[in-house]
Amino acid sequence: MDLFEYARTKTMKNEAPLASRMRPRTLEEVVGQRHIIGKDKLLYRAISADKLSSLIFYGPPGTGKTTLAKVIANTTSAEFMQINATVAGKKDMEEVVKAAKDNLGMYGKKTILFVDEIHRFNKGQQDYLLPFVEDGTLVLIGATTENPYFEVNGALLSRSVIFELKPLAKEDVRTLIERAVYDTERGMGAYRAAIDEDAVEFLADIAGGDARAALNAVELGVLTTSPGADGVIHITLEVASECIQKRVVRYDKDGDNHYDTVSAFIKSMRGSDPDAAVYYLARMLYAGESVTFIARRIMICASEDVGNADPQALQVAVAASQAVERIGMPEAQLILAQAALYVATAPKSNSATNAIAAAMRAVQETPAAVPAHLSDSHYKSAQKLGRGIGYEYAHDYPKHFSHQQYLPDALAGRRFYEPSGNGYEQTIRRYLDWLHED
């Protein structure tokens, strides 16, 4: 490296965005992702021992995929090379492979290749890397925001260990924000900045587990805010909300506003008001509410308030829950909106809710044995005890229905399920009436 290259590298390091400057240099500095880099976990042990196989880091933006690659670069004795799949071409890959062969042949040194956005490589590019990963010329580390099982060559996947990174917990983001504001070596500490508690809380909440989004907001706030009379740059809630380009929504995920908004959302779906339902959904999403939490509430409402009036409502809600976990934001809002609107406009019935509540009370209040004719007759001595004797097989009777007693004697004649007159439950009611009309 010549003098000019050294000067350029140093300038870029000093002028790099805050999120880049604050990247952890060691495993001990990494915040979050304890499920894969806790001290008893495979990845922690592999990095510490410098015994890495090919890896795929998969997770949302800002969760630490590149950070972990940089930590590996700082700790490994292997040659570390990096390319970005959005700009790298065949020539770049050929140069990496040539250098890796030279390192292995001349110095007996392995080469780790970090491919950021690996899902951007087409099939041909991924196939090109395969033989060099297979023969040990390269140890591949890929980072992707997309599901690798859909976007990465199956042959590469079979030769790699996949680690899924989760959105950072709010407390982890808080730690990073405070570290960035007050760190004088790599953070914004030299600017004499201070951040209010409610601003930290807001940024940690609204970032949605994306550390980069929170740190970018911190940097913008410090660089664009004038010092106060005390000479300190104060990052207030107002400044924080401007810097992350979202206005403050009165919504505290641990306080009354959280429960009020969720309650209004559920009651709007139950009350068949699709406009109010989608409004409260938007309010929760805007404030950074967990999409999995919202999906759970829709599933509950689909069963509790729609029930058998439209059995498909639960199917839609469950499918939406699975889809948002695979897709994530921002597209997940479309799926949640579809599900919430379906539940809101579906015919309503709480008959299933009432049925299980009444049955639970009966179980608690009335001790009752299973009728002998319904008991299992297959075990030894069952018939001697009268088990299963007298049971009427429903398919042997007209309508495939027998009028035998199914409830215990103490509860004979009790009705727990009363189908409503709404939606599909009209059909259920007519069917039950038809069975019992003889």
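Rules behind the numbers
- Residues numbered from 1 in each chain as written.
- Predicted model: local features only at pLDDT ≥ 70, side-chain atom pairs only at ≥ 80, totals over all residues.
- Heavy atoms only, no water.
- Helix = DSSP H or I, 4+ residues; strand = E, 2+ residues; numbered from the N terminus.
- Rg over C-alpha atoms; globule rule 2.2 N^0.38 Å.
- Buried < 20%, exposed > 50% of the residue type's maximum accessible area, 1.4 Å probe, protein only.
- Areas by Shrake-Rupley, 256 points an atom, 1.4 Å probe, with all protein chains shown as cover.
- Lys, Arg positive; Asp, Glu negative; His and termini not counted.
- Charge placed at Lys NZ, Arg CZ, Asp CG, Glu CD.
- Expected span 1.5 Å × (residues − 1).
- Core = buried A, V, L, I, M, F, W, Y, C linked by side-chain atoms within 4.5 Å.
- Contact = heavy atoms within 4.5 Å.
- Arc of directions from axis to C-beta.
- Polar contact = N/O pair within 3.5 Å; in protein donor to acceptor, adjacent residues only side chain to side chain.
- Patch = residues over 30% accessible without salt bridge, like charges linked within 9 Å, V, L, I, M, F, W, Y side chains within 5 Å.
- Salt bridge = Lys/Arg side-chain N within 4 Å of Asp/Glu carboxyl O.
- Pairing = 2+ DSSP bridges.
- Axes fitted to C-alpha atoms, helices over the stretch in contact; angles between N-to-C directions.
- pLDDT = per-residue confidence, 0-100.
- Parallel < 35°, antiparallel > 145°, perpendicular 65-115°, else oblique.
- Nonpolar A, V, L, I, M, F, W, Y, C, P; charged D, E, K, R; others polar.
- Left-handed = near helix turned anticlockwise from the far one by under 90°.

Visitor: With reference to specific residues and values, describe the overall build of the chain.
Guide: A count of helices and strands for the chain gives 20 helices and seven strands. For a compact globule of 438 residues, the expected C-alpha radius of gyration is about 22 Å, and the chain comes in at 30 Å, more than 25% above that figure. Taking the principal axes of its C-alpha atoms as reference, the chain extends roughly 100 × 65 × 35 Å. When each of the 438 residues of the chain is scored for burial, the buried share is 44%. Surface exposure of the chain reaches about 24,000 Å², of which carbon and sulfur atoms provide 53%. Within the chain, the 57 negative side-chain charges are centred at a point lying 4 Å from the centre of the 49 positive side-chain charges.

Visitor: Which residues make up helix α18 (residues 332–345), and what values do they have?
Guide: For α18, with 14 residues, the first-to-last C-alpha span of 20 Å sits near the 20 Å given by 1.5 Å per residue. Inspection of α18 places Ala332, Ile335, Leu336, Ala337, Ala339, Ala340, Val343 and Ala344 among the buried residues, and these make up the whole buried set.

Visitor: Can you explain the nonpolar core? Please cite residues and give values.
Guide: If you look at the biggest cluster of nonpolar residues, it comprises 32 residues, and the most contacted ones within it are Leu18, Val173, Ile177, Ile195, Leu203, Val218 and Val222. Counting residues per element, the ones that place at least two in this core are α2 (18–21), α10 (170–182), β6 (193–195), α11 (197–206), α12 (211–224), β7 (233–235) and α13 (237–243). If we skip the residues at most four places from it in the chain, Leu203 touches Ile177, Ile195, Ala214, Ala217, Val218, Ala240 and Ile244. Membership of the second largest hydrophobic core comes to 30 residues, among which are Leu281, Met284, Ile298 and Ala332.

Visitor: Explain helix α15 (residues 274–286) residue by residue, including any values.
Guide: Over its 13 residues, α15 runs 18 Å from end to end, which matches the ideal 18 Å to within 8%, given 1.5 Å per residue. Among all positions of α15, only Ala277, Leu281, Met284 and Leu285 are buried. In a view along the axis of α15, the buried residues occupy a sector of 95°, so they form one face of it. For α15, the capping residue at the N-terminal end is Asp273, with a side-chain oxygen 3.2 Å from the backbone nitrogen of Asp275.

Visitor: Just give me the short version of a nonpolar patch on the surface, but keep the residues and values in it.
Guide: A grouping of Tyr391, Tyr393 and Tyr406 is seen on the molecular surface, where their side chains present a nonpolar patch of about 330 Å² in accessible area. Residue position: Tyr391 is located in the loop between α19 (351–365) and α20 (425–435). Assessed through its relative accessible area of 42%, Tyr391 is described here as partly exposed.

Visitor: How would you summarise the environment of Ala73 if you had to cite specific residues and measurements?
Guide: Inspection of the secondary structure assignment puts Ala73 in helix α5 (residues 65–75). Between the alpha carbons of Ala73 and Ile112 there is a distance of 8.4 Å; along the sequence they are 39 residues apart.

Visitor: Describe in detail the sheet that holds strand β4 (residues 138–144), supporting the description with residues and values.
Guide: In spatial order, the strands read β2-β3-β4-β1-β5; together these five strands make up an open sheet with parallel pairing. Looking at strand neighbours, the two that pair on one side only are β2 (79–84) and β5 (161–164), the edges of this open sheet. Each adjacent strand pair in this sheet contributes to an overall mean axis angle of 15°, direction not counted. By the bridge criterion, six bridges tie strand β3 (residues 111–116) to β4 in an arrangement that is parallel. Bridge pairing in β4 links Ile112 to Val139. Strands in contact with helix α6 (residues 90–107) are β2, β3 and β4; relative to β2, the strand with the most contacts, it is inclined by about 175°.

Visitor: Tell me what's going on with the confidence of the model for the chain, and back it up with residues and numbers.
Guide: Interpretation of the predicted coordinates at a detailed level should be avoided for regions scoring low in pLDDT. Per-residue confidence for the chain gives a mean pLDDT of 85; residues scoring 70 or more make up 90%. Looking across the chain, the model is least confident in helix α1 (residues 3–15), with a mean pLDDT of 50, and most confident in α18, with 94. This stretch, residues 6–12, has a pLDDT under 50; its non-local contacts, to residues over four places away or in other chains, come to two contacts.

Visitor: Could you give an account of the environment of Leu435, naming the residues involved and the relevant values?
Guide: Its location among the elements puts Leu435 in helix α20. Relative accessible area serves as the criterion here: at 6%, Leu435 is assigned to the buried category. Along the sequence, Leu435 and Lys399 sit 36 residues apart, while their C-alpha atoms lie 7.1 Å from each other. Discounting chain neighbours no more than four positions away, the residues touching Leu435 are Lys399, Phe401 and His403.

Visitor: Please provide a residue-by-residue account of the pattern of salt bridges, values included.
Guide: In total, this model carries 19 salt bridges according to the counting rule given. Salt-bridge contacts for Glu418 lead to Arg415; the nearest nitrogen and oxygen are separated by 3.6 Å. Classification of Glu418 by relative accessible area gives partly exposed; the value is 43%. By relative accessible area, Arg415 is classed as exposed at 55%.

Visitor: Explain the packing of α6 against helix α7 (residues 123–134) residue by residue, including any values.
Guide: Between α6 and α7, whose axes approach to 11 Å, the crossing angle comes to 5°. Between α6 and α7, the interaxial angle falls into the category roughly parallel. Side by side, α6 and α7 meet where Lys90, Met93, Glu94, Val97 and Lys101 of the first sit next to Gln125, Tyr128, Leu129 and Phe132 of the second. Class assignment for the residues of the contact of α6 with α7 results in five nonpolar, one polar and three charged.

Visitor: Kindly report on the packing of α15 against α18, identifying the contributing residues and their values.
Guide: Between α15 and α18, the shortest axis-to-axis distance is 9 Å and the interhelical angle comes to 150°. As judged from the angle between their axes, α15 and α18 are roughly antiparallel. Taken as a pair, α15 and α18 cross one another with a handedness that is right-handed. Each of Pro274, Ala277, Val278, Leu281 and Leu285 in α15 lies in contact with α18, whose residues at this interface are Gln333, Leu336, Ala337, Ala340, Leu341, Ala344 and Thr345. Along the lines of polarity and charge, the residues of the contact of α15 with α18 split into 10 nonpolar, two polar and no charged.

Visitor: Account for the side chain of Glu425, naming residues and giving values.
Guide: Mapped onto the fold, Glu425 is located in helix α20. Despite its burial, Glu425 pairs with no opposite charge, the nearest such side chain being Arg429 at 7.4 Å. Setting aside residues up to four positions removed in sequence, Glu425 forms contacts with Asn308, Ala309, Ser349, Ser351, Tyr417, Pro419 and Ser420.

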